[in-house]
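Architecture at a glance
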Amino acid sequence: MTDPIIKFDKVGKSYGSLKVLDGLDFEVKRGEKVTIIGPSGSGKSTVLRVLMTLETINDGVVYVGNEPLWHEQRNGTLVPAGEEHLRKMRRQLGMVFQQFNLFPHMTVRRNIAEAPVKVLGLSRQDANQRADELLEMVGLADQAHKYPHQLSGGQQQRVGIARALAMRPKVMLFDEPTSALDPELVGEVLNVIARLASEHDLTMLLVTHEMRFAREVSDRVCFFDKGQMKEQGTPDELFTAPKEQRTRDFLKAVLNG
Amino acid sequence: MAWTEYLTPLLQGAWVTVQLTVYSTIFGAILSFAFGIGKLSPNWLIKAVSVGYIEIFRGTSLLVQLFWLYFALPVAGQAVGLDLRLPPVVAGVLALSLNIGAYGAEVVRGAIQAVQKSQYEAARALNFTPRQALFGVALPQAIPEMMPPFGNLAVQNLKDTALVSLISLGDLAFRAEQLRNFTQDSTTIFTLVLFMYFGMALVLTAIMKLLERFVGRWRHASN
Amino acid sequence: MLFGFEWDTSSELAFAWSILPILLIGLWVTVQATVLGFVVALVLGLILAVLKGAPSRLISWPANVLCEFIRDTPLLIQLFFLYYVLPEYGLVLPAFMTGALALGLQYSAYTSEVYRAGLQAIGRDQREAARALNFPSAHTFTHVLLPQAIPRIIPAMGNYLVSIMKDVPVLSVVTVLEMLNVAKIIGDRTFDYMVPLSMVGGLYLIMTLVASAGVRLLDTRLPKQGLPLK
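Since we're looking at a predicted model, the values are computed, not measured.

1. Re the interface of chain B and chain C
- Across the boundary between the two partners, chain B contributes 37 residues, which contact 36 residues of chain C.
- For the pair chain B and chain C, the two sides together bury roughly 3,200 Å², of which 75% comes from carbon and sulfur.
- Seen at the junction of chain B and chain C, the total is zero salt bridges.
- For the pair chain B and chain C, the number of links is 12 residue pairs in polar contact (both at pLDDT 80 or more).
- When the residues that make up the side of chain B that touches chain C are grouped by side-chain class, the tally is 23 nonpolar, nine polar and five charged.

Shown next as structure tokens:
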């Protein structure tokens, strides 16, 4: 039960000479809500993108549910994974993007139902029903037949959350879900995420600049800097009594900025 | 002869021009998608064939292609014991389609590549296969982008049909030249014919605009 | 025999080798027609562009319609028109000249758009900045707009040069002995169209690949932010 569902074991990733992840060790337990904070370029988004298999790693091993994500066991050694393995692993993960990345040519309902039909093999009817339930949950039941461009940013992001949830992932990844939103629309999205956090035993990994929100919903907050986790703790520990000077500087800058 | 008497033969020719345009635009569109997508294929053979097709047909002249298919291909067929003599209409439609298809393929490729990377990422995150991402996510967004250049290519194709008159296909240009030979009334005939081509181009442009609206109707949905 | 060159039909290869000089003579005509047609297109296109941009609707509207008309009608018919109709009004030109004129006319519709797009792309910001600095409008045109427009215009014009080259074979209908026409004549006389027409295809491919590479090179060499002023 205490097995981590996500584990980074000395993971390295670099673009040329720039190290984005530098021997990163990091774990998330089942059902845990973890927020990653840190300055830009700290590698926090890369953690999510590596988990979603949008970016490869150069070094180390990432485990999801005790299985290597980017590798396959072959004859007792780990070799880089093929597309089939990645597809199997990806089923456990869902992602919410900073820019929503909704499909502009599909209605809201279809945005949510398409992958359950095409990937999970649900009937169109079942998928639509699932979509409607999720739209109800994110408070957009009356918007099912609109196209993304007809919605506000906040509404689009709520569709984005519903779309990811429709695949019934075990782990939800939120990559700065409110950064692209106008300030007055941030609240509605955070409310949905907070409800998700309190009502479901979903594992949640969140990258955000919303410190107050991070404090409310997280079981644990991790501070990243230069591709490594510099400090972690409960929200109270990290926000009120950070141990590292670097963390203190960062918090001071964002909380007063 | 009064100019109204030219109308019957010219309209007969115009009808041939319309048919040539319709067939070669449709075949050309099919070729555009096949080779435009082919050029983006991870399979090197498919990619090489697509690049070869596009470069050869864009890199040589339509009239050279038409003459090659009509005059040279039978000679090549003879050498290997095949009858490759094409009726003018087949050679004409084939040359026009192959030529416009090569230009269209570049349009298709460009439009697909212009689809934002984030759309592919969303598709990947939802576990779509690359094929599903292409046909379900990228192409439906790319097709409306292709329509303005496709409209230009369709008009280009209409104009290009005039060249098939040179392999004695009875299109508008052919009828015009025939009439001129017969009546020597060049000014009237060619003015008439220019306006007929112009009219057909305007109609074709309007049709392509309607098609553009249709394939991009999701863009125009409003509250 | 053509242009004083005999052909050798003993083998395909010997045939190809023997007609190569003949085709190259045709190619030289193709190149000349291309260059002349291009020059005409550049000049007529500029005139059209200026007329289309005229402040008076009375001028700009007919210019726009004319431009659309030229663009929407086939080169072949325009060529026939010039070839047969001009002499009726006393203007007798050699076939080659008529052909180059037709090419230039057809492509002027396209080049006029290049001029306009090149100037428009620079946009309002730069115009307003120039106005804010109180530049006289002639100064704005020569020192602000043109240096920025030219690097945008040249590659697009280069692409039309390549297009013109591919349209030159149409001139064969008015007896211009460009490369395709020469190949067709050789085919008519030897009944072997395969070799000369394939060679024309190959030569065209080489010419367009070289020309396109040249345009791309030019495009990368030209400073995107504008030509430096002396």
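2. So, the pattern of salt bridges
Residue and element names in this part refer to chain A.
- Tallied over the entire structure, the rule returns 24 salt bridges over all chains.
- With a shortest N-O distance of 2.8 Å, Glu32 and Arg220 are connected by a salt bridge. A residue pair is termed long-range when its members are at least 10 positions apart, and Glu32 in the loop between strand E2 (18-29) and strand E3 (33-37) and Arg220 in strand E11 (residues 220-225) qualify at 188 residues.
- Of the residues examined, Glu32 reaches a relative accessible area of 9% and is grouped as buried.

3. Things to note about the interface of chain A and chain B
- The partner chain B presents 22 residues to the 29 residues of chain A that form the contact.
- Both faces combined, the contact of chain A with chain B buries some 2,200 Å², and carbon together with sulfur accounts for 56% of it.
- Considering only the surface of chain A that becomes buried against chain B, A:Phe103, A:His105 and A:Gln150 emerge as the three largest contributors, covering 24% of it.
- There are one salt bridge connecting chain A and chain B.

4. Notes on the packing of helix H1 (residues 12-52) of chain C against helix H6 (residues 179-190) of chain C
Residues and elements named next belong to chain C.
- The geometry of H1 relative to H6 is characterised by a closest axis approach of 7 Å and an angle of 145° between their N-to-C directions. Contacts between H1 and H6 involve Phe15, Ile19, Ile22, Leu23, Gly26, Leu27 and Thr30 from the first element and Met179, Val182, Ala183, Ile186 and Thr190 from the second.
- A class-by-class count of the residues in the contact of H1 with H6 yields nine nonpolar, three polar and no charged.

5. A closer look at the side chain of A:Arg130
All names here are of chain A.
- Within the element layout of this structure, Arg130 appears in helix H4 (residues 124-137).
- At 6.5 Å, Glu133 is the nearest oppositely charged side chain to Arg130, a buried residue that forms no salt bridge.
- Discounting chain neighbours no more than four positions away, the residues touching Arg130 are Leu120, Leu122, Ala166 and Arg168.

6. A few points about the arrangement of the chains
- Contacts between protein chains span two pairs of chains, and they are most numerous for chains B and C.
- Separated in space, chain A and chain C share no contact, their closest pair of C-alpha atoms being 25 Å apart.

7. Thoughts on the confidence of the model for chain C
- The predicted model of chain C has a mean per-residue pLDDT of 88, with 97% of residues at 70 or higher.
- Across the assembled chains, the prediction reports ipTM 0.92 with pTM 0.89.

8. Describing the environment of A:Ala113
- For A:Ala113, the position within the fold is in helix H3 (residues 108-118).
- Filtering out sequence-adjacent residues up to four positions away, A:Ala113 remains in contact with A:Arg124, A:Ala127, A:Asn128 and A:Ala131.

9. Observations concerning the side chain of C:Gln106
- Among the structural elements, C:Gln106 can be located in helix H4 (residues 95-132).
- Taking relative accessible area as the criterion, C:Gln106 reaches 3% and is therefore assigned buried.
- At 2.9 Å, the side chain of C:Gln106 and the side chain of C:Gln78 are in polar contact.
- Here C:Gln106 is in contact with B:Lys159, C:Ile70, C:Thr73, C:Pro74, C:Leu75 and C:Gln78, once residues within four sequence places are set aside.

Cut-offs used in this document
Residues numbered from 1 in each chain as written. Chains lettered and ligands numbered in written order. Predicted model: local features only at pLDDT ≥ 70, side-chain atom pairs only at ≥ 80, totals over all residues. Heavy atoms only, no water. Contact = heavy atoms within 4.5 Å. Buried area = accessible area lost by both parts, 1.4 Å probe. Salt bridge = Lys/Arg side-chain N within 4 Å of Asp/Glu carboxyl O. Polar contact = N/O pair within 3.5 Å; in protein donor to acceptor, adjacent residues only side chain to side chain. Nonpolar A, V, L, I, M, F, W, Y, C, P; charged D, E, K, R; others polar. Helix = DSSP H or I, 4+ residues; strand = E, 2+ residues; numbered from the N terminus. Buried < 20%, exposed > 50% of the residue type's maximum accessible area, 1.4 Å probe, protein only. Axes fitted to C-alpha atoms, helices over the stretch in contact; angles between N-to-C directions. Lys, Arg positive; Asp, Glu negative; His and termini not counted. pLDDT = per-residue confidence, 0-100.

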